[in-house]
Structures are given as structure tokens and as C-alpha cells.
Amino acid sequence: MRFLLAGTRPPGSGETGELALTTAAHRVVAAAAWHSWLRRWGLLLSFGLPRDPAAELRACLIVAASDEQAANRLAAGWGAVSGYRVAVLPLTGGSSGEAGR
Amino acid sequence: MSSPEEAALTAAFRDEWPRLIAVALRITGDLQAAEDVAQETLLAAFDRWPLQGIPDRPGAWLMTVCRNRARNLVRDSSRAQERLASLRPLLDGQTSPGGTAPGTKAAGIADDQLRLIAMCCHPLLATDGQVALTLRMVAGLTTQEIARGFNLSAATVAQRIVRAKRILAQHRVAFVTDDLDIRARLASVLDVIYLIFNEGYLPAEGESLTRGDLASEARRLAYLLTSLVPAEPGPWALRALLSFQLSRQAARTAPGGALLTLDAQDRSKWDRELIADGIRSLERARDGPRGPLLLQAELAACHATAPSFAATDWAAILAFYDELLAIQDTPVVALNRAVAVAMTAGPAAALPALDALAGHPALADSHRVWAVRAELHRRAGHTAAALADYDRALDLVSNQAERHYLAQARRQAEEAPMPEMPAFRKPPPELVARFDDLAQLAGDADRRQMFGYPVCVLRGNMFMGLHEDSIILRLADDDRDDFLSRYDSGLFEPMPGRPMKEYVIVPPALVADEAAIAEWVRRSRAYAEQLPTKKRKQKKG
């Protein structure tokens with residue numbers, strides 16, 4: 001099954017106020033590791049990023065998961081490394097690889 | 001734990017941060033907006049790099065996103081419409097990815113960073129505001145990080161930053177059109193960075209002796225300045241000073257956190273790369289005027305390049321303090337000079353100066369004068385006076401590491417008092433005449449006076465001298481072993497318990513043996529020839 005994971009920055013998270021450079025670096029490295037793990041296992045089918053860097057929606061992932069529970073676990077992992085609030089939407093029908101682009 | 005990738009990325013972000021702020025400031029004209037844009041740029045990297053991969057040129061990527069975001073902000077702001085029009089020529093030229101404003105090239109970016117530093121150190125701002133703003137805008141530290149470094153609440157630091165930004169905005173301190181000669185403001189910029197360093201290197205309060213982050217940030221800022229204005233000697237002097245000081249960082253505290261003074265430090269733990277950087281920077285700094293920073297760097301170099309505490313050139317240190325005192329007559333300089341006097345002429349010679357300083361109002365709340373006087377009283381054998389001064393110092397000290405050190409020193413003074421020091425005697429005239437004969441054998445070495453005693457010096461390194469009724473020679477390790485095995489002699493020890501390890505006392509019989517003494521003078525001079533040249537201070541006027 002395919003799922004769309006939509007990551008948004010939680011309102012009032014304070015992240016836009018001040019971001020420690022060490023924290024930023026830590027997050028980039030942690031998130032990059034998580035994404036590469038997802039790729040290695042063939043779970044990341046596609047991704048999309050907003051054109052506007054200030055958009056509330058930060059990124060969308062299309063992932064393969066055996067069921068909704070598994071998709072929720074992936075969403076929780078992504079939320080943990082990114083700090084995003086992640087919504088999970090099951091995709092029906094054929095390939096949804098273009099979503100979010 | 002941070003991975004190497006994380007450390008590299010943090011370093012990249014730190015390097016880019018002032019550039020991002022500067023370019024955003026140039027476009028938006030507002031410090032707060034510039035900061036927001038720089039933050040959003042980092043967030044954009046955080047969103048995109050994990051998915052798209054870290055770009056080949058992360059700096060150029062960040063700069064492009066930052067510039068675009070700043071332009072969007074100006075464009076989107078209805079209040080800024082007029083400003084946008086006035087900036088149009090500038091904005092139109094900034095379209096190449098990773099490129100720079102027209103006509104600015106790399107130097108333009110460098111100047112932007114320099115302008116940013118000068119703006120943060122603007123004379124309109126109080127010193128605490130200058131420090132906080134520099135750390136936030138140039139070093140990229142968060143309010144929390146700055147607060148932790150200075151033992152302040154985050155709210156206090158935030159207030160300082162907001163107030164500083166407001167003052168700059170109220171007085172319309174322009175970034176783009178500020179045509180002031182930024183180099184003229186370098187002195188206050190250097191002061192602010194040195195202040196940050198001092199707070200990090202020896203904080204006034206707290207458990208830990210060092211707050212390495214602040215000290216390291218100050219060093220980074222000094223490095224940045226030397227790269228931005230390489231022709232200016234001032235930043236090189238600051239860089240030399242900070243490099244020498246930081247080179248001892250790892251050796252300054254014992255495993256339990258207690259303070260270790262210079263004589264107790266393991267010099268093998270000193271950072272040789274930093275010392276080398278200090279020496280190179282000092283060479284560049286010597287092209288400039290002999291101001292306080294350069295003289296302090298020279299003083300730090302004397303310590304950093306001494307092979308051992310015993311071999312420290314205290315005479316040179318005293319000479320530098322004399323010069324420093326002539327241009328910066330402060331009680332702190334006078335206090336440090338008194339220590340140098342004690343090391344060269346004995347504690348009794350320094351105590352009168354310390355007695356005068358003890359009553360100085362500027363030092364009334366400082367433990368240092370009492371701590372130094374206590375130590376000198378202890379070494380002079382005045383145990384009761386030493387204990388009283390240690391008590392006074394302990395009442396005033398607030399850094400816990402220093403408190404432990406003082407308490408331990410007091411215990412030692414109480415449990416193992418030192419015998420009273422004799423005053424140094426003048427040498428007999430016939431020995432001075434004999435010394436002059438031997439000095440002839442030393443060829444072109446300089447004959448100087450050091451604390452009333454004649455000495456021979458080659459390229460700044462003393463190798464033969466007279467002390468009381470003895471001639472002393474400086475010898476290489478092998479020669480010294482050879483000398484001590486042949487003669488009934490010993491190491492030169494001007495003060496009990498403080499031998500000068502490279503120097504031996506020439507026994508009277510050898511002084512009279514023309515052939516033998518000539519050979520030892522030759523060996524001593526040969527050793528001095530191998531030593532690195534020490535620059536002597538230039539006399540003013």
C-alpha cells in the first residue's frame with residue numbers, strides 16, 4: 001500500500017524565532033540518515049517540497065507500507081527526526097509518485 | 001554526541017551565518033528582518049538537504065536562498081515598497097547563484113561581514129549590548145547559549161539584544177550607506193571580542209574555570225577579522241594573544257577541576273598548533289603600533305614559548321609590563337607587573353607595590369591583589385601576613401575553581417611555611433671584572449644589566465650571568481650533565497625551591513682556570529646560538 005505523509009511545522013513551535021546552529025546541523029544529519037534508511041529499504045517512493053520556503057507544509061513523502069499501522073510508525077519516525085506534525089493519508093489507485101511535486 | 005558530519009555542518013553553518021545576516025541586512029535594511037531571514041534559510045536547508053542531498057556548494061546554496069527570501073520579504077512588505085524602489089539597482093544585480101552584489105565580489109562580502117561586526121559594536125550601544133549582539137548576529141549563538149555563557153537569564157540577554165536592535169533602528173544606523181571608515185572602529189571591535197574571550201577563559205563566577213564556547217567563539221571572531229582585514233595589525237595582535245592563551249586551556253585545570261598555575265602545568269599538554277599560530281600572528285602584529293593588545297600578546301608569547309617555568313624569561317616579561325604600564329596605567333597591569341618583579345628580584349622587591357595596590361579602590365572587590373600578596377608573603381616567609389591575605393582573598397573570590405586553589409594554598413602556607421627569603425647581595429667588584437673578561441670570550445654577545453647583575457645575551461637569549469657571588473652558565477642538556485658530573489656544583493636556584501633548570505653555578509676553582517672556563521663559555525654560547533631568536537622590545541621614543 002502507498003501512503004502520503006504530509007509534514008507541517010507545528011504553529012507556535014518557536015523554531016522560526018531562534019535556531020541553534022548546532023541543533024540545525026544535528027537535525028540535518030539525523031533527518032538525512034532517516035531518509036537514506038527509508039530509501040535503502042525501498043520505502044520512499046517519492047517526495048515533494050513546496051516552492052515557497054516559508055510555506056506551512058514543509059514536505060510530502062510517498063511511502064510504501066504494509067498497512068496503516070506501519071505507515072503511522074513511519075510517520076512517527078519522520079516526526080521525531082524532523083519535528084514536523086505528520087499527517088498520514090492512504091493513497092488508492094495506481095502510482096502516486098507525482099504527488100506534491 | 002555529535003558525529004563528524006554534524007560537526008562539519010555546524011562549522012559550515014557558523015561560517016555562513018554572518019554572511020547570511022550581512023546579505024539579508026543589505027537587502028532588508030533591518031537587523032531583525034535579517035535575522036529572521038537567516039533563520040528561515042537554515043530551516044529551508046533542514047527541510048531540503050535530507051531529501052535532495054547536501055549541495056556541492058552549501059554556502060552558495062544558503063546564500064541564494066537567503067537572498068531570494070530577503071528579496072521576497074522586501075517585495076511582500078507594503079511598508080517597504082518605497083525602499084524596494086530605492087534598492088532596485090542593487091537587487092537587479094544580485095541574481096547569480098552564489099554570486100555577490102555588483103562591484104563587490106568577494107571583498108564586498110568580506111566588507112559586509114566587517115560592517116556587520118562594526119554595526120554590532122556601534123558606539124551607541126552599551127558594552128553588554130555590543131557583546132550580546134555580536135554573539136547573536138556574528139557568531140550565531142542563540143539567546144540561551146549566550147545566557148549560559150554569561151550566567152545570565154535568557155530573558156536578560158533577550159532584552160539586551162532587543163534594546164540594542166531598537167537603538168540601532170531608532171538612530172537609523174544604516175548598513176548599506178554607512179560610509180564610516182570601519183577600520184576606525186576596529187579598536188572597539190577588538191575590545192568587544194577580547195571581553196567575550198575573557199568571560200569565556202576565566203569567568204568571574206561559576207564552578208567551571210573555563211567556558212570554552214565563549215573563548216572559542218572569540219577566537220573564531222578574531223580569526224574572521226584577520227581574514228577580513230589582513231593588512232590591519234590590531235586583529236593579528238588579538239589573534240596572537242587569544243591563540244597563546246587558549247593553547248594552555250587543556251593544562252589549566254587538574255582532573256578535579258582545580259586551577260593549575262603556570263609552574264604546575266604540564267607543558268606537554270599545551271596546544272603546539274595554537275602556539276605556532278600565535279607566533280605567526282605576532283609577527284604580523286609587530287608591523288603595527290605597540291599598543292596594549294600587542295604587548296599582551298608579547299607577554300603571552302614569553303610564557304607560551306618558555307620550555308619550562310624555570311626557563312621563563314622574566315626579565316623580558318618585566319620589560320613588557322613596564323612598557324604596557326607606560327601606555328595603560330591600570331591597577332591590573334601594575335598587579336601583574338608586581339608578579340614579574342617578584343619573579344626576577346624576589347618577593348620582597350614586589351611587596352611595596354602590592355601594599356599600594358591593596359588600597360586601590362578599583363581593586364577593592366577583587367580577590368586577585370590579596371591572592372598575589374598572600375603568595376608573595378608566603379614565599380618571603382611571612383606566614384602570618386600570608387594567611388591573613390589568603391583569608392581576605394577567599395572572602396572575595398567567586399569562581400569556585402579559584403576558591404579551591406586559594407584554600408589549598410592557604411593550607412600549604414599554614415602547614416609548611418617557607419623560611420624567610422634573604423635579600424640578594426651585590427657581587428664583589430673583582431668578580432664583575434672577571435665576568436667582563438669572560439664576556440670577551442663570548443664574542444659578539446650583548447652585555448646587559450639584569451637586576452643589577454651583568455649578563456651576556458645572544459639574539460635575545462641570556463646564556464651567562466652573574467648572581468651574587470657566582471657566575472652562572474646556561475648549558476644544553478648533555479653539556480649540563482657533563483658539567484655537573486665533573487664539578488662539585490649544582491643548578492642555579494635564585495630562590496629556594498625554584499631552580500633555573502638550564503643554568504649551572506660555576507665553582508670558584510673553575511672561574512680561575514682559563515682554559516677550562518673558556519671551553520664552557522664556548523659551549524654555553526653555542527647552546528644560545530641554537531635557541532630561537534627572541535625579539536627584544538623596542539624602546540619608545
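Up top is the structure.
These notes cover the structure that comes with them. (Residues numbered from 1 in each chain as written. Chains lettered and ligands numbered in written order. Predicted model: local features only at pLDDT ≥ 70, side-chain atom pairs only at ≥ 80, totals over all residues. Heavy atoms only, no water.)

1. Observations regarding helix H1 (residues 4-28) of chain B
The first and last C-alpha atoms of H1(B) sit 35 Å apart over 25 residues, in line with the 36 Å expected at 1.5 Å per residue. The sharpest bend along H1(B) measures roughly 35 degrees and falls at Glu16(B), with the proline Pro18(B) sitting one to four residues further on. (Helix = DSSP H or I, 4+ residues; strand = E, 2+ residues; numbered from the N terminus. Expected span 1.5 Å × (residues − 1). Bend = angle between axes of the 7 residues up to and from the residue.)

2. So, the sheet that holds strand S3 (residues 461-467) of chain B
Residue and element names in this part refer to chain B. Spatial ordering of the open sheet is given by S1-S2-S3-S4-S6-S5, a layout of 6 strands whose pairing is antiparallel. The sheet is open, and its two edges are formed by strand S1 (446-450) and strand S5 (491-495), each paired on a single side. Taken over all neighbouring pairs, the strand axes of this sheet differ in orientation by 40 degrees on average, direction set aside. In this structure, strand S2 (residues 453-458) lies alongside S3, joined through 4 bridges in antiparallel fashion. Bridge pairing in S3 links Val 457 to Met 462. (Pairing = 2+ DSSP bridges. Axes fitted to C-alpha atoms, helices over the stretch in contact; angles between N-to-C directions.)

3. Concerning the interface of chain A and chain B
Facing the 32 residues of chain A at the interface are 30 residues of chain B. Note on chain A versus chain B: buried area summed over both sides is about 2700 Å², and carbon and sulfur give 66% of it. Together, Glu18(A), Leu21(A) and Val28(A) form the three largest contributors to the area buried by chain A at its contact with chain B, with a combined 26%. Here chain A is connected to chain B by 3 salt bridges. In this structure, the salt-bridge partner of Glu18(A) is Arg136(B), at a minimum N-O distance of 3.3 Å. At the surface where chain A touches chain B, the tally comes to 9 residue pairs in polar contact (both at pLDDT 80 or more). When residues in the side of chain A that touches chain B are grouped by element, the largest group, 12 residues, is from helix H1 (residues 21-40) of chain A. By residue class, the composition of the side of chain A that touches chain B is 19 nonpolar, 6 polar and 7 charged. (Contact = heavy atoms within 4.5 Å. Buried area = accessible area lost by both parts, 1.4 Å probe. Salt bridge = Lys/Arg side-chain N within 4 Å of Asp/Glu carboxyl O. Polar contact = N/O pair within 3.5 Å; in protein donor to acceptor, adjacent residues only side chain to side chain. Nonpolar A, V, L, I, M, F, W, Y, C, P; charged D, E, K, R; others polar.)

So far we have only geometry, and geometry alone does not tell us how the molecule works.
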